[in-house]
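Each chain, written out:
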Amino acid sequence: MECQWKPDEQGLQQILQLLKESQSPDTSTQRSVQQKLEQLNQYPDFNNYLIFVLTKLKTEDEPTRSLSGLILKNNVKAHYQNFPNGVSDFIKNECLQNIGDSSPLIRATVGILITTIASKGELQNWPELLPKLCLLLDSEDYNTCEGAFGALQKICEDSAEILDSDMLDRPLNVMIPKFLQFFKHSSPKIRSHAIACVNQFIISRTQALMLHIDPFIENLFALAGDEEPEVRKNVCRALVMLLEVRLDRLLPHMHNIIEYMLQRTQDQDENVALEACEFWLTLAEQPVCKEVLSGHLHKLTPVLVNGMKYSEIDIILLKGDVEEDEAIPDNEQDIRPRFHRSRTVAQQHEGGDSIEDEEDDEDDLDDDETISDWNLRKCSAAALDVLANVFRDDLLLHILPLLKELLFHPEWLIKESGILVLGAIAEGCMQGMIPYLPELIPHLVQCLSDKKALVRSITCWTLSRYAHWVVSQPPDTYLKPLMTELLKRILDSNKRVQEAACSAFATLEEEACTELVPYLAYILDTLVFAFSKYQHKNLLILYDAIGTLADSVGHHLNKPVIAQSNTHKHLCIRHISLFFKQYLQYKYNIIIISLALYAFFPVTACVCLINTRMTYLRMLLFTCTVLFLQEYIQMLMPPLIQKWNQLKDEDKDLFPLLECLSSVATALQSGFLPYCEPVYQRCVNLVQKTLAHAVLHQTQPEFYEAPDKDFMIVALDLLSGLAEGLGGNIEQLVARSNILTLMYQCMQDKMPEVRQSSFALLGDLTKACFQHVKPCIANFMPILGTNLNPELISVCNNATWAIGEISIQMGSEMQPYVQMVLQQLVEIINRPNTPKTLLENTAITIGRLGYVCPQEVAPMLQQFIRPWCTSLRNIRDNEEKDSAFRGICTMITVNPGGVVQDFIFFCDAVASWMNPKDDLREMFYKILHGFKNQVGDENWRRFSDQFPLPLKERLAAFYGV
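Summed over all chains, the structure comprises 45 salt bridges. Notably, a salt bridge pairs Glu227 with Arg191, separated by 3.5 Å at the nearest N-O pair. Note that Glu227 is positioned in the loop between helix H13 (213-222) and helix H14 (229-245) and Arg191 in helix H11 (residues 188-199), a separation of 36 residues in sequence. Taking the relative accessible area as the measure of exposure, Glu227 reaches 61% and is therefore exposed. Accessibility expressed as a relative area gives 6% for Arg191, which makes it buried. Close ionic contact of Lys917 with Glu879 constitutes a salt bridge, the shortest N to O distance being 3.2 Å. Pair noted here: Lys917 is in the loop between helix H52 (903-911) and helix H53 (918-935) and Glu879 is in helix H51 (residues 879-894), with a separation of 38 residues, a long-range link. Under the relative-accessibility criterion, Lys917 is labelled partly exposed at 39%. In this structure, a network of salt bridges that share partners links the residues Glu938, Arg941, Arg942, Asp945 and Lys952.

Residues Trp280 and Phe672 are the most contacted members of the largest nonpolar core, which totals 317 residues. Every residue in contact with Phe672, bar those within four places of it in the chain, is listed here: Ile633, Met637, Leu661, Val664, Ala665, Val679, Leu722 and Leu726.

With that out of the way, let us pick up the state of the cysteines. Counted by the stated rule, this structure contains zero disulfides. Not engaged in a disulfide, the cysteine Cys502 finds its nearest cysteine sulfur in Cys460; these two sulfurs lie 9.6 Å apart.

A positive phi is found at Arg392, a non-glycine position, where the angle reads about 50 degrees. Residue placement: Arg392 occurs in the loop between helix H22 (376-391) and helix H23 (396-407). Residue classification places Arg392 among the partly exposed positions, given a relative accessible area of 41%. We note that Asn833 has phi near 65 degrees; this positive angle belongs to a residue other than glycine. Looking at the element boundaries, Asn833 is found in the loop between helix H47 (818-829) and helix H48 (836-852).

With that settled, consider the confidence of the model for the chain. In this model, the chain carries a mean pLDDT of 86, and residues with pLDDT of at least 70 account for 88%. Under a pLDDT of 50 for its full length, residues 349-364 has, in the predicted model, 33 contacts with residues more than four places off or in other chains. The low-confidence segment residues 578-588, where pLDDT is below 50, has ten contacts with residues more than four positions distant or belonging to other chains.

Turning next to the environment of Leu872. Looking at where Leu872 falls in the secondary structure, it is placed in helix H50 (residues 861-872). By relative accessible area, which is 0% here, Leu872 ends up buried. Sequence spacing of Leu872 and Ala884 is twelve residues, and the spatial spacing of their C-alpha atoms is 9.1 Å. With near-sequence residues (within four places) excluded, Leu872 lies in contact with Glu840, Ala843, Ile844, Lys881, Ala884, Phe885 and Ser912.

Summed over all chains, the structure comprises 24 aromatic pairs. Note on Phe279 and Trp280: the rings are 5.1 Å apart at their centroids and 90 degrees apart in plane angle, and the pair reads as edge-to-face. Across the pair, exposure class does not vary: Phe279 and Trp280 are buried alike. Taking the centre distance of 5.6 Å and the plane angle of 50 degrees together, the rings of Phe931 and Phe943 count as tilted. Linking Phe931 in helix H53 with Phe943 in helix H54 (residues 937-944), this pair joins segments that are twelve residues apart in sequence. Of the residues examined, Phe943 reaches a relative accessible area of 16% and is grouped as buried. An aromatic cluster is present here, built from Trp868, Phe885, Phe903, Phe906, Trp913, Phe924, Phe931, Trp940, Phe943, Phe947, Phe958 and Tyr959 joined pairwise through their rings. The ring of Trp644 has Arg682 lying over it, and the distance from NZ or CZ to the ring centre is 4.9 Å. Seen from the ring of Trp913, Lys881 lies directly overhead, with NZ or CZ sitting 4.8 Å from the centre.

What counts as what
Residues numbered from 1 in each chain as written. Predicted model: local features only at pLDDT ≥ 70, side-chain atom pairs only at ≥ 80, totals over all residues. Heavy atoms only, no water. Salt bridge = Lys/Arg side-chain N within 4 Å of Asp/Glu carboxyl O. Helix = DSSP H or I, 4+ residues; strand = E, 2+ residues; numbered from the N terminus. Buried < 20%, exposed > 50% of the residue type's maximum accessible area, 1.4 Å probe, protein only. Core = buried A, V, L, I, M, F, W, Y, C linked by side-chain atoms within 4.5 Å. Contact = heavy atoms within 4.5 Å. Disulfide = S-S within 2.5 Å. pLDDT = per-residue confidence, 0-100. Phe/Tyr/Trp six-rings, centres within 6.5 Å; stacked < 30°, edge-to-face > 60°. Lys NZ or Arg CZ within 6 Å of the ring centre and 35° of its normal.

In structure tokens:
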């Protein structure tokens, strides 16, 4: 029989030697061992040796035995289907016989091995496994019971779905009642295993558990005060999940559960406290939250606030005692991978939201990015944030007395937690906080200069949460001091503060937009200087700050610095004077006088420049002239291009740099021309390279890995930015490249994000240089039609927008393509719950199609006129809205009956215009008066009486109806 297998002694010693060598710290030894192990995998009974070492060689040291089991586990994961039957039976048999090994490490390894075999679809082919493990739970030998329970817990974690299926004849009907019996076991480890096993089936509302839900909850309550932290942790985890799925069963006990969770959130064991703290996050999502928690808020608030202090271990992990670390190179492993989010074309409307907001609406409360693990501080802050959104200003009653004490506390650790509290409540309690902000914001701005780096960094984050209020006040009062101090912090000597300041400044940029234009020279001066100062990780965040600045100030970036105010001349003077002070200390006073002269009397200073024989003064004034007369672009582009030249095509740091350049190119418009050719060519090369790599992978997957298509996506998006910024100036570049061929391939890529970005580029090239796009329209349009699938919102959105842009350029030549897309567009606009951006783009495209091909589109007018009008009533007056409304008016002229039933919606949409062009206003006038004449004065009066008063007044004032 195979289970009588015996190893060859020489082979066994060879394998043991390899196992010992693999524990060597020397990497070349490890590499050599790895190669030998790979070779041994060719022998069918190699895995027999591994299980033999794990289970039979009791005299061998535990790490070697365990390692043998882990190598076997990896072989099971990779090659199990190729194991001969005898080998797999031998392994299974040995596992079950040794689940109760006296060593906890070996028991755990055997359990991992069992669950790995089970997860390879073997639960069906190993019918004795679950009954045998359940039987072993009743063993009087503790090791056997604990080993079996450890294996069952891993199986419940890995195979929960199949355990609740008919495929295995529903073993949970037996297992769950069995697990419940062990909730009262004398061993804390067994009790913990039992709860952990049952917990796996709460979220999925497994029927077998739902049948025993009451005894389960009773048993949980009985274990509430267990002395074992692991048991308390699992009890808390169960209650958090039950809150989500069986609130009805918890409600009668809610008062006691809340009191219990308050205690556990203060548990001595941080893992228990963290698990309990999750309860408040989950409770905040329940409709009953306000009702059940109101009476406990006075107790809960101080508990959460207390949990927001850094623990000793946090400070050690964050190197909280290290103040100046800017010169220490980053640990590359600490830098999170970057992912590019593809470009989505959105309309400008009053709300200012876009598809990105709808798909990725997450306000990041993670102020401790360097501690990657979720901890009590973060969880407490997140809980306070969501509860502030539930209770709004009612929470301030309990928070304000605490805040007063915390924010001005002499101990930095407590003051820091108070600043975090202030940031956490910003969104939910904003209205109630407004009276206190005139005092608090200056205090926080002062805290930006605190001697502790952790205080400075959290202050940056908290101030960013109040940026909206700051920007709504007179700029000199709060915006200018805040901006000035944040820019200083961007140049802080602590990397963590640099990161927080850069992120906070990006938020301020988004809120302030063109309010920042008067300060652009000073901002760019600081951001450019940061390039020479930042290590790798913060450089990536700096790109974001520059890209966001470009998005926020737009074309103002393409202007000379000479337009600056006197204030910013002062700031520039200060920078230069500090620089020169280092080299010309003995002439310092003369220099300051010269600078002042230049700042306020540039012509006089220039005369001095020509006549002076003082070399240092001439040099200084020349520097000032360059500074004041150069353009922003000449400050910004050199460091960006330098980084661009340093990065290889395979370097993922290209993602944030390309994103940044895309924003800069769009903002600078023609100002980007001197830099556009190498940037354009590299983007085209990146797309071409990635497509070629994808073909190699497809044809020879064993030799070529799949390419990272993010390189292609980010390159397509930068090309879009160039097309949008340069407009017709991009024509020569397109003419000399194969971008349209490459784009045709990208439009058919399997990856939605690639198609999404290629459709955005198609739309932008259509606007910029349609003469090159037109010959390809017959190939492009069928692809666009097949991508009008609202299940992929952003792909559908960009395809829709591109069709609209093509329609305007094609005019009546669009006719052969209308039927390819019209039906899908009408379905999308009538679809419930379609995101606002997609609705708006769909409405505009339908309008544009109707403008150029009214005979083809007008017959369907009745099917889309109502959602069309409601979609476009909120967007600002612009060219796209103009062409869409011309289309709808033309279609109404062709098919007036199509609008009759919904004419009130058309009236409302017309009234949404602030300043339509004269000929468009004339079109509105004719349709409104035509309808009024058709129905007669009496019927019109009855009809117009249904209008809300503002609509009635607007139509009367603008159109005389």
